[in-house]
Amino acid sequence: MISVEGVRKRFGPIVAVDDLTFEVHRGEVVGFLGPNGAGKTTTMRMLTGTLQPDEGTVRFEGKPISEHLTEAKRRVGYLPEANPLYDDMIVSEYLGYVGDLHGMSASEMRSGIASAVDETGIESVFYRPIGELSKGYRQRVGMAAAILHGPEILVLDEPTEGLDPNQRVDIRRLVVELGRERTVLLSTHVMQEVEATCSRLLILNKGRLVAEGSVHELLSRRADAVRYIVEVEGDDVAAGLGQLPGVHTARSEEVDGRLRVFLEVAHGEELRPEIFALAKSRDWTLWELHRERVSLEQVFRDLTREQMDEDASAIDPLPDVSVGSVGGPDAPAITPEEVVS
Ligand SMILES: Nc1ncnc2c1ncn2[C@@H]1O[C@H](COP(=O)(O)OP(=O)(O)O)[C@@H](O)[C@H]1O
Ligand SMILES: [Mg+2]
């Protein structure tokens, strides 16, 4: 539905967007992720026909938008970054004004505004001055303005920026709702934002596309997608664990006479039953078995490294299951606290 081919945009010496190519299919909710200055806003402006690329082409349904600008603007609704609104206008007035800008007739305007107000849940503030609204409601008004002319594509530039956590959840929910019948492209520099809302992510850094895929794909593509921390007392522990299928790195350290082994496994293979069975067959005492997944935050950090703070271990812990359920009645002595550490 949307195709971006070799798009480039420069501001003086700054290359804001550099040879960007990607596609967005009908019905997708695509997250545009990148640190500040990555080129998200510039790309969105080119997608909405607000800014012309220096090179390359943006097409909707195969038609270059530069040659079909009026049609492109009809098809796309745009919530710009920082959502500029007129504070002294009443919400109803503002929506009427936006409708006028789109050249809507009175009847188109009536039905467009009615359904936009309904979809974005702003009935209660319809006659209030914009300046009096909470940030969450301001965003809703911005979204109503973006959808009232009935666009199929919605471009939302950092729609949750500056909102408190509750408002963020509300707006995310609204984006999911709006995305049921539209193609949505939203930008953010906050990772957690996209897991709940987006079917696919495009990660931008310094004007370039550095990765794309679903959250699941981005996570499982990593060589260190999953790691196990196993603490065992017994003979030949490291060698035994290192030979389990799918393990590509086994590092170990001694802790209180036991061996703590870190096993890295690509593609998220589930090894806990095998680890447990091995411990049982070798008569090892299993003190701890813990699984961690690489976080999306970490993936993002690695892909956009030069612009981000570069501390942090390879994996943020996300404990998900204990070995207790695998053990059964014959399991070696493992206490619940140790298992779920
Ligand atoms: N109108 C402009 N004039 C000059 N530089 C700009 C302009 N718009 C964006 N830039 C620069 O282009 C780069 C990308 O900016 P932007 O697209 O706003 O990134 P993002 O939205 O990802 O934060 C930045 O270095 C920014 O300073
Ligand atoms: Mg921006």
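Residue numbering note: each chain is counted from 1, following its sequence as written. Whichever chain is written first becomes A and whichever ligand is written first becomes 1, with later ones labelled in order. Residue-level local features of this predicted model are given only where pLDDT is at least 70; pairs of side-chain atoms are given and counted only at 80 or more, and the full residue set underlies all totals for whole chains, interfaces and linings. Values reported for side chains reflect all heavy atoms of the structure, with hydrogen atoms and water molecules removed beforehand.

Undergrad: Report on the overall build of the protein, specifying residues and quantitative values.
TA: For the purposes of this entry, the term helix denotes a DSSP run of H or I that reaches at least four residues, the term strand denotes a run of E that reaches at least two, and both are numbered from the N terminus. On a plain count of helices and strands, the protein comes out with 13 helices and 14 strands. Burial statistics for the protein: of 341 residues in total, 50% are counted as buried. Residues count as neighbours in contact if any of their non-hydrogen atoms are within 4.5 Å of one another. The contacts of the protein with a sequence gap of at least 6 include a subset with a gap of at least 24, amounting to 68%. If you sum the accessible surface of the protein, you get close to 16000 Å²; carbon and sulfur atoms cover 49% of it. Residue exposure (1.4 Å probe, protein chains only): buried if accessible area is under 20% of the type maximum, exposed if over 50%, otherwise partly exposed. What sets the accessible areas is the Shrake-Rupley method with a 1.4 Å probe; for residues, cover comes only from the shown protein chains.

Undergrad: Could you give me a rundown of the coordination of the magnesium ion (ligand 2), with the residues and numbers involved?
TA: Coordination of the magnesium ion (ligand 2) by the protein involves Thr-41 (OG1) and Glu-81 (OE), with metal-donor separations of 2.0 to 2.4 Å. Of this pair, Thr-41 sits in helix α1 (residues 40–47) while Glu-81 sits in the loop between β6 (76–79) and α3 (91–101); the two residues are 40 residues apart in sequence, bridging distant segments of the chain. In this description, a donor is an N, O or S atom within 2.8 Å of the metal centre, a cutoff extended to 3.2 Å for sodium, potassium and calcium. Water is not part of the atom list, which can make sites seem incomplete.

Undergrad: Could you give me a rundown of the packing of α3 against helix α5 (residues 135–147), with the residues and numbers involved?
TA: Structural elements are reduced to axes, namely lines fitted to C-alpha atoms, with helices fitted over the stretch in contact, and the angle between N-to-C directions of any two is expressed from 0 to 180 degrees. Relative orientation of the contacting elements α3 and α5 amounts to 30°, with a least axis distance of 9 Å. On the basis of the axis angle, α3 is roughly parallel to α5. When you trace α3 past α5, the crossing you get is right-handed. Mapping the contact onto sequence places Val-91, Tyr-94, Leu-95 and Val-98 in α3 and Val-141, Ala-144 and Ala-145 in α5. The labels follow the angle: roughly parallel below 35 degrees, roughly antiparallel above 145, roughly perpendicular from 65 to 115, and oblique for the rest. Handedness of each helix crossing follows the sense of rotation of the near helix against the far helix: counterclockwise by less than a right angle gives left-handed, clockwise gives right-handed.

Undergrad: Would you mind going over the pattern of salt bridges in detail, with residue names and values included?
TA: Any Lys or Arg side-chain nitrogen located within 4 Å of an Asp or Glu carboxyl oxygen qualifies as a salt bridge. Tallied over the full model, the rule gives 27 salt bridges. With its nearest N and O atoms 2.9 Å apart, the salt bridge here joins Arg-260 to Glu-231. Here Arg-260 is found in strand β13 (residues 258–265), whereas its partner Glu-231 is found in strand β11 (residues 226–233), with 29 residues between them in sequence. Arg-260 sits in the partly exposed class, given a relative accessible area of 23%. Overlapping salt bridges, with partners in common, bring together Arg-26, Glu-61, Lys-63, Glu-71, Arg-75 and Glu-152 in one network.

Undergrad: Talk me through the sheet that holds strand β5 (residues 63–64); I want residue IDs and the actual numbers.
TA: With antiparallel pairing, 4 strands are arranged side by side in an open sheet as β2-β1-β4-β5. The sheet terminates laterally at β2 (14–24) and β5, the two strands that pair on one side only. When DSSP finds two or more bridges between two strands, those strands count as paired. As defined by bridge partners, strand β1 (residues 2–11) adjoins strand β4 (residues 55–60) across 5 bridges and the pair is classed as antiparallel. Along β4, the bridge assignment pairs Arg-8 with Glu-55. α1 rests against β1, β2 and β4 of the sheet, and its axis sits at about 60° to β2.

Undergrad: Lay out the nonpolar core in plain terms, naming residues and giving numbers.
TA: Counting 48 residues, the largest nonpolar core has Val-91, Tyr-94, Leu-95, Ile-122, Met-143, Leu-156 and Leu-201 as the members making the most contacts within it. For this core, the leading source of residues is α5, giving 6 residues. Mapped onto the domain boundaries, this core takes at least three residues apiece from domain 1 (2–213) and domain 2 (223–339). Ignoring sequence-local partners within four residues, the contact set of Val-91 consists of Ile-122, Val-125, Phe-126, Arg-128, Ile-130, Leu-133 and Val-141. Ala-38, Met-46, Val-155 and Leu-202 belong to the second-largest nonpolar core, a separate cluster that totals 25 residues. Each nonpolar core is a collection of buried residues, namely Ala, Val, Leu, Ile, Met, Phe, Trp, Tyr and Cys, held together in the definition by side-chain atoms within 4.5 Å. Where each domain begins and ends follows an automated or database-derived domain assignment.

Undergrad: An account of the confidence of the model for the protein is requested, with residue identities and associated values reported.
TA: In this model, the protein carries a mean pLDDT of 86, and residues with pLDDT of at least 70 account for 88%. Across the protein, element-level confidence peaks in β1 with a mean pLDDT of 97 and bottoms out in helix α12 (residues 324–327) with 32. The predictor rates its confidence in each residue with pLDDT, a number between 0 and 100.

Undergrad: Account for the site of ligand 1, with residues named and values stated.
TA: Near, as used in this document, describes a residue that has one of its heavy atoms within 4 Å of the molecule or strand being considered. The full set of residues close to ligand 1 is Phe-11, Ile-14, Ala-16, Pro-35, Asn-36, Gly-37, Ala-38, Gly-39, Lys-40, Thr-41 and Thr-42. Any N or O atom pair separated by 3.5 Å or less is treated as a polar contact, with the protein-specific requirement of one donor-capable and one acceptor-capable atom, and with residues adjacent in sequence counted only for side-chain atom pairs. Contact between ligand 1 and Ala-38: an oxygen atom at 3.1 Å from a main-chain N or O atom of the residue. In terms of residues, the shell around ligand 1 owes the most to one element, α1, which gives 3 residues. For the shell around ligand 1, the residue count by class is 5 nonpolar, 5 polar and 1 charged. Amino acids are sorted into nonpolar (Ala, Val, Leu, Ile, Met, Phe, Trp, Tyr, Cys and Pro), charged (Asp, Glu, Lys and Arg) and polar (every other residue, Gly among them).

Undergrad: Talk me through the packing of α5 against helix α6 (residues 165–178); I want residue IDs and the actual numbers.
TA: Their axes nearest at 10 Å, the elements α5 and α6 cross at an angle of 15°. As far as their axial angle goes, α6 and α5 are roughly parallel. Read as a crossing pair, α5 and α6 show a hand that is right-handed. Contacts from Lys-135, Gly-136, Gln-139, Arg-140, Met-143 and Ile-147 in α5 reach Gln-167, Asp-170, Ile-171, Leu-174, Val-175 and Leu-178 in α6.

Undergrad: Got a sec to walk through the packing of aromatic side chains? Specific residues and values, please.
TA: Note on ring pairs: Phe, Tyr and Trp rings are taken, using the six-membered ring of Trp, and paired if centres are within 6.5 Å. Classes follow the plane angle, with under 30 degrees stacked, over 60 edge-to-face and the rest tilted. Per the stated rule, a full pass over the model turns up 5 aromatic pairs. Taken together, a centroid distance of 6.3 Å and an interplanar angle of 55° make the contact between Tyr-86 and Tyr-94 tilted. Grouped by ring-pair contacts, the aromatic residues Tyr-86, Tyr-94 and Tyr-97 constitute a single cluster. Across from the ring centre of Phe-262, 4.3 Å away, lies the NZ or CZ of Arg-251, which sits over that ring. The ring of Trp-287 is capped by Arg-258, whose NZ or CZ atom sits 3.9 Å from the centre of that ring. In this scheme, Lys NZ or Arg CZ marks a charge over a ring once it lies within 6 Å of the ring centre and within 35 degrees of the ring normal.

Undergrad: Got a sec to walk through α1? Specific residues and values, please.
TA: Burial analysis of α1 places 6 of its 8 residues in the buried class, the great majority of the element. By the burial criterion, the buried members of α1 are Lys-40, Thr-42, Thr-43, Met-44, Met-46 and Leu-47.

Undergrad: Could you give an account of unusual backbone geometry, naming the residues involved and the relevant values?
TA: Positive phi outside glycine occurs at Glu-158, with the angle close to 50°. Position of Glu-158 among the secondary structure elements: in the loop between β7 (153–157) and α6. In this model, Asp-236 sits at a positive phi of 50°, which is unusual for a non-glycine residue. Within the secondary structure, Asp-236 sits in the loop between β11 and α9 (237–242). According to the relative accessible area criterion, Asp-236 is exposed, its value standing at 59%.

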